[in-house]
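Chain and residue survey
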Amino acid sequence: MTNNTETRRDVWSRYWASGALHSCATSYRNNYAGSIGAFWQEAFAGLSTPACVLDIATGNAALPNLLLATRQETGIECDAIDLARIEPEWLRKLEPAQRQRIRLHGGVAAEALPFPDNAFDLVVSQYGIEYTDLARSLAELLRVVTRRGRIRLVAHHAQSLPVRLAGEEIDHIDWLLKPDGLIDLSAGMISPMVRAGTSAGRAELATDAQANIVRSQFNAMQQEVSARIAKSTCPDVLHEVREQIG
């Protein structure tokens, strides 16, 4: 597991441990409703019995929760995977017969599903599949779905707010990491700052042309950061990096 994957797993594990049922916790009082809820209810209503469902990036299992609410038959079951550690409280409160219909698999990546070929009649994902390596995860979805099975995915639109904000943050990060950018200049300031801790070091710095060039560049870059923050709709990463450098 790469460091990036471990970081994603840990961040999402903390989020799901907070008790939120899904990633739109501020948009719905309980489970998905409105057009999204209707979309999933229609998908589950069309299942024949028996049937097996797979939910990708389930979080605290909002879609399995909807499945149980839509279909009461014990012949319809669901496996649900997530990269994060998951243990939703609502599932533990169910009667055993209903709880056994849902099997959660934490620490599982969509790119490497631990299921045999042709295992599922319906594969679903809500705001999850787009966070995976699509070339690998979609191949896995096609592998595990039956020949007559269906795949239903809800993903963020390219112009949705999360996508636009993520794009802006990526641009900020690329700018911070560019050669001779803020990160490089901050590293270059470490030695002069250490030397500035003594009177002898400060005297040396007064005549150190290179150190003064670095300081001037660093100060100019800080002004660029302030200007970038002022016009950004998503400046959090800039504030965070500036705080860490400080």
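Our subject is the structure that appears above.
Small disclaimer: the values here were computed from a predicted structure and weren't measured.

1. Overview of the packing of aromatic side chains
Summed over the entire model, instances satisfying the criterion amount to 6 aromatic pairs. Aromatic pair F39 and W40: ring centres 4.9 Å apart, planes at 80°, arrangement edge-to-face. What makes F39 partly exposed here is its relative accessible area of 31%. A relative accessible area of 0% means that W40 is categorised as buried. Taking the centre distance of 5.1 Å and the plane angle of 90° together, the rings of F115 and F120 count as edge-to-face. Like F120, F115 is buried. Among the aromatic residues, those joined into a cluster by ring pairs are W12, Y15 and W16. Its guanidinium or amino end placed over the ring of F39, R152 lies 5.1 Å from that ring's centre, counting from NZ or CZ.

2. Quick word on the layout of surface pockets
In this model, the largest pocket occupies a volume close to 1300 Å³. If you trace the largest pocket, you find 46 residues lining it, with R8, W12, Y127, G128 and Y131 closest to the centre. Elements with a minimum of two residues in the lining of the largest pocket: α1 (3–17), β1 (51–56), α3 (62–70), β2 (76–82) and α7 (161–177). Of the residues forming the lining of the largest pocket, the biggest block, 8 residues, is contributed by α1. Of the residues contributing to the lining of the largest pocket, the split by class is 25 nonpolar, 12 polar and 9 charged.

3. Observations concerning the packing of helix α11 (residues 209–231) against helix α12 (residues 236–245)
The N-to-C vectors of α11 and α12 enclose an angle of 150°; their axes lie 10 Å apart at closest approach. With respect to α12, the axis of α11 lies roughly antiparallel. The hand of the α11/α12 crossing is left-handed. For the pair formed by α11 and α12, the contact residues are F218, Q222, V225, S226, R228 and I229 on the first element and L238, H239, R242 and I245 on the second. Looking at the contact of α11 with α12, its residues break down into 5 nonpolar, 3 polar and 2 charged.

Rules behind the numbers
- Residues numbered from 1 in each chain as written.
- Predicted model: local features only at pLDDT ≥ 70, side-chain atom pairs only at ≥ 80, totals over all residues.
- Heavy atoms only, no water.
- Phe/Tyr/Trp six-rings, centres within 6.5 Å; stacked < 30°, edge-to-face > 60°.
- Buried < 20%, exposed > 50% of the residue type's maximum accessible area, 1.4 Å probe, protein only.
- Lys NZ or Arg CZ within 6 Å of the ring centre and 35° of its normal.
- 1 Å grid on protein atoms, 1.4 Å probe; cavity = no way out; pocket = protein on both sides within 12 Å on 5 of 7 lines; lining within 4 Å.
- Points joined across faces, edges and corners; volume = space filled by probe spheres on them.
- Helix = DSSP H or I, 4+ residues; strand = E, 2+ residues; numbered from the N terminus.
- Nonpolar A, V, L, I, M, F, W, Y, C, P; charged D, E, K, R; others polar.
- Axes fitted to C-alpha atoms, helices over the stretch in contact; angles between N-to-C directions.
- Parallel < 35°, antiparallel > 145°, perpendicular 65-115°, else oblique.
- Left-handed = near helix turned anticlockwise from the far one by under 90°.
- Contact = heavy atoms within 4.5 Å.

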